[in-house]
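# Summary of the model geometry
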Amino acid sequence: VVQRAVADADGRFVLEGIVPGAVSLVAEHARLFAATHMTLAEGDRFTWNPVLREMPPLRLRVEREDGSPFAGSVVVLESTRQGDAWERFLTSGADGRVRFDAVPDGELVAGVFPSPLDVDRNTPPCHVQTGLHGGPDESVLTVPRERLGRGSLSGLLLDHEGRPFPQAVLYLRTRGSRFFYPTPVAPGTGAFQSDRLATQGYELVASCTGLGTVPLDEIEIFAGE
C-alpha cells in the first residue's frame, strides 16, 4: 500500500488512514530526501519533521550465474546498523535491475528471493550480499546456479519427554546472513514444515516457552528432497 501527501507552502503535510504495522516513510523534493521507518498500532498518531538532504540511491542488477538477468526476483534491502529497522522490497525488471532511492548511510545487505511468494511465506533468501552502499555505481548480485533448486524441511519440535511446547517457533538463517526467518510450529503436535527452500545450507534455532532461544543444528537442503 502506497499513500502520498503533498506538503503545503509551510512544509506541513498529513497522512491519514495508514494501515497498522511496519511503515516506511520517504519525503522527497527534487534530489533531496529524508527517510524513516516505524511501526504503527491502531489509533497511533506520530509527528515526523523530515529534514531533506542529498541521499544517494542504490542501483542493483540481479543476474544468474550465466550472466542473464534474474527478472521478477524480489530484492529485500536492509540496514545493518544496530537498532535500525529500515527495510525495502523491490521486484527486478526485465533487465534484472532495481533502484532503491534515498538509502540510509552505512552498510546495507540485500537478500534475493526467486519470487514474491517466497517473501510472503517468510522463506529465507536464495542469495545474500553484504557490504552494499548507496552511490553512483551499479552493483551486481550474482545468484549461484546451485541456489536455484528447491527442497523442503519438515519435522517435530518436542521437549526431552517427547511433548510439544505450548508456544514455539523454528527460525532458519541462510549461512552468511544476519537475519532469521520464522517457521510456525503447531502447538498441539510440535509439527513444522517449510516448503520452497532454496538449495543451500541453513542454521536452525528454536524459540520455546521455558527454554528461550536454543541453537539446534545446521542442515543442507538439496533439490527435490
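See above for the structure.
Residues numbered from 1 in each chain as written. Predicted model: local features only at pLDDT ≥ 70, side-chain atom pairs only at ≥ 80, totals over all residues. Heavy atoms only, no water.

### Quick word on the packing of aromatic side chains
Enumeration over the complete set of coordinates arrives at 1 aromatic pair. Arranged with centres 6.1 Å apart and planes meeting at 70°, the rings of F113 and Y181 form a pair that is edge-to-face. Note that F113 is positioned in strand β8 (residues 108–113) and Y181 in strand β13 (residues 181–184), a separation of 68 residues in sequence. You'll find F113 and Y181 in the same group, each marked buried. The ring of F70 has R64 lying over it, and the distance from NZ or CZ to the ring centre is 4.6 Å. (Phe/Tyr/Trp six-rings, centres within 6.5 Å; stacked < 30°, edge-to-face > 60°. Helix = DSSP H or I, 4+ residues; strand = E, 2+ residues; numbered from the N terminus. Buried < 20%, exposed > 50% of the residue type's maximum accessible area, 1.4 Å probe, protein only. Lys NZ or Arg CZ within 6 Å of the ring centre and 35° of its normal.)

### A few points about the nonpolar core
Core analysis: the largest hydrophobic core is formed by 33 residues, its most contacted members being L58, L60, L77, F100, L132, L153 and Y202. Where this core is concerned, the elements lending two or more residues are β4 (58–64), β5 (74–79), β7 (97–100), β8, β10 (138–143), β12 (168–174), β14 (191–198) and β15 (201–208). When neighbours within four sequence positions are excluded, L60 is seen to be in contact with V75, G96, R97, V98, F100, A110, L132, E138, S139 and L141. The next biggest cluster of nonpolar side chains, apart from the first, holds 8 residues, and it includes V76, V109, F179 and Y181. (Core = buried A, V, L, I, M, F, W, Y, C linked by side-chain atoms within 4.5 Å. Contact = heavy atoms within 4.5 Å.)

### Observations regarding the layout of surface pockets
Here the largest pocket defines a volume of roughly 1,300 Å³. Forming the walls of the largest pocket are 31 residues, and the residues nearest its centre are V2, Q3, S24, L25 and V26. For the lining of the largest pocket, the secondary structure elements donating two or more residues are β1 (21–29), β6 (87–91) and β7. Ranked by the residues each element gives to the lining of the largest pocket, the list is headed by β1, at 8 residues. The residue inventory of the lining of the largest pocket, partitioned by class, reads 20 nonpolar, 5 polar and 6 charged. Taken as a whole, the second largest pocket holds about 670 Å³ of empty space. (1 Å grid on protein atoms, 1.4 Å probe; cavity = no way out; pocket = protein on both sides within 12 Å on 5 of 7 lines; lining within 4 Å. Points joined across faces, edges and corners; volume = space filled by probe spheres on them. Nonpolar A, V, L, I, M, F, W, Y, C, P; charged D, E, K, R; others polar.)

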